[in-house]
Amino acid sequence: MTKEERQNLIDSFMHKEVDVTIDRPIGYIHHKNTETIVYPVNYGFISGVFGGDGEELDVYIIGINEPLQTFHGKIIATIHRENDVEDKLVACPVGMTFSEEEIFNAVSFRESHYKTHIEI
């Protein structure tokens, strides 16, 4: 998938309601190489939609402070990674809004490791 195809795919979800399967709920401990990451937000994927890495499209869930298994909400931002093969979506409950700064603060535990651009 080209960078342009990735961007078109991710942008096509903006402001749409989606169902997300959570595979890393709040508090999930992820060991990656020598790093241990504790997820402060729910993180999952849209089933059947594949991103630039060949895996299902990833979604950060903000505005919920308890671990979830599934989530239905609205996409409020896209995260484009310039130095990686995948991009991410950001969702929250319908009716909630967040600033770009609030979104970055919520996802920076992972996204600060990449050169990213958030679009709201």
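Because the structure is a prediction, the values reported are computed rather than measured. (Residues numbered from 1 in each chain as written. Predicted model: local features only at pLDDT ≥ 70, side-chain atom pairs only at ≥ 80, totals over all residues. Heavy atoms only, no water.)

Draft legend 1. A look at the pairing of strand E5 (residues 56–61). Counting buried positions along E5 yields five of six residues, so the element is predominantly enclosed. For strand E4 (residues 42–50) and E5, the ladder comprises six bridges, and the chain directions are antiparallel. Looking at the pairing, Phe-50 lines up with Glu-56 of E5. Hairpin connection between E4 and E5: a loop of five residues separates the two successive antiparallel strands, and Gly-54 in this loop has a positive phi of roughly 85 degrees. One ladder, built from three bridges, connects E5 with strand E7 (residues 88–92); its direction is parallel. The residue bridging Val-59 from the neighbouring strand is Leu-89, located in E7. (Buried < 20%, exposed > 50% of the residue type's maximum accessible area, 1.4 Å probe, protein only. Helix = DSSP H or I, 4+ residues; strand = E, 2+ residues; numbered from the N terminus. Pairing = 2+ DSSP bridges.)

Function-wise, these values are silent; they only describe arrangement.
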